[in-house]
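Given next are the chains, with one letter for each unit.
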Amino acid sequence: MSMPATVSASSVPATTDKAGAIAGGSQEVLTFTIGDQNYGLDLLSVREIRAWTDVTPLPNTPPFVRGVINLRGAVVPIFDLRVRLGGGVTQPTSANVVIVVEIGSESVGLLVDTVSDILALDASALQPVPATAADEEHTFLSALATHEERMVALIDVNRLFNRGVPALPAAAA
């Protein structure tokens, strides 16, 4: 799927609850890839999708913090989701994208390989993460879903960023 340089997610239906479920028992998720793995995020948390641009590195940050970008006057941290999920460091190219998500009142960019599509998943399609998946990668997952012969691991962005992510200092006015 070809995506423009920036896509807004402001056209999300207004009939959603806190969990992103749509009236009728389904949840819309934005799917993306990291390597050969398929992942999904609740569409309600996605603010926009951007082409990869260089970042300004910050000193003394965890390895998954790539740096920050200026997004229309706001400083937004960019996280390498491959590293955060326990993989190696992404060597970004023009094919990589940044998914800007909103967590509470903060915006955060997630560096991923490609964005795939938007899926409406029925609640019955969501399966719990197996109890044997106790490694760090799976602590960020909220559910698994099968869609057209592919497994999609749904990421809970609140779990992803409530586990030891340092607070960024407020920008000087």
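Structure shown above.
Notes on the structure follow. (Residues numbered from 1 in each chain as written. Predicted model: local features only at pLDDT ≥ 70, side-chain atom pairs only at ≥ 80, totals over all residues. Heavy atoms only, no water.)

**Let's talk about the overall build of the chain**
Moving on, step 1. Looking only at helices and strands, the chain has 2 helices and 13 strands in total.
Moving on, step 2. The buried share of the chain, taken over its 173 residues, is 42%.
Moving on, step 3. Accessible surface computed for the chain: about 9300 Å², of which carbon and sulfur atoms make up 53%. (Helix = DSSP H or I, 4+ residues; strand = E, 2+ residues; numbered from the N terminus. Buried < 20%, exposed > 50% of the residue type's maximum accessible area, 1.4 Å probe, protein only. Areas by Shrake-Rupley, 256 points an atom, 1.4 Å probe, with all protein chains shown as cover.)

**Points about the nonpolar core**
Moving on, step 1. In this structure, F32, L41, L81, I99 and I155 are the most contacted members of the largest nonpolar core, which totals 29 residues.
Moving on, step 2. Per element, the largest residue contribution to this core is 4 residues, and it comes from strand β8 (residues 97-103).
Moving on, step 3. Ignoring any residue separated from it by four or fewer positions in sequence, one finds F32 in contact with Q37, N38, Y39, G40, L41, L81, I99, V112, T114, V115, S116 and I155.
Moving on, step 4. Formed by 8 residues, the second largest nonpolar core is a distinct cluster that contains W52, I78, V98 and V100. (Core = buried A, V, L, I, M, F, W, Y, C linked by side-chain atoms within 4.5 Å. Contact = heavy atoms within 4.5 Å.)

**Quick notes on the packing of aromatic side chains**
Moving on, step 1. Taken as a whole, this structure holds 2 aromatic pairs when the rule is applied.
Moving on, step 2. A centroid spacing of 5.9 Å and a plane angle of 25° characterise the contact between F32 and Y39, whose relative ring orientation is stacked.
Moving on, step 3. A centroid spacing of 5.5 Å and a plane angle of 35° characterise the contact between F64 and F79, whose relative ring orientation is tilted. Here F64 is found in the loop between β5 (46-51) and β6 (65-71), whereas its partner F79 is found in strand β7 (residues 74-80), with 15 residues between them in sequence. Summarising the burial analysis for this pair, F64 and F79 share the class buried.
Moving on, step 4. If you follow R84 out to its NZ or CZ, it ends over the ring of F64, 4.3 Å from the centre. (Phe/Tyr/Trp six-rings, centres within 6.5 Å; stacked < 30°, edge-to-face > 60°. Lys NZ or Arg CZ within 6 Å of the ring centre and 35° of its normal.)

**Considerations on unusual backbone geometry**
Moving on, step 1. Although it is not a glycine, N60 adopts a positive phi angle of roughly 55°.
Moving on, step 2. Along the chain, the position of N60 falls in the loop between β5 and β6.
Moving on, step 3. Notably, R72 is not glycine yet its phi reads approximately 50°, a positive angle.
Moving on, step 4. Summarising the element assignment, R72 is placed in the loop between β6 and β7.
Moving on, step 5. Here R72 falls in the exposed class, since its relative accessible area comes to 64%.

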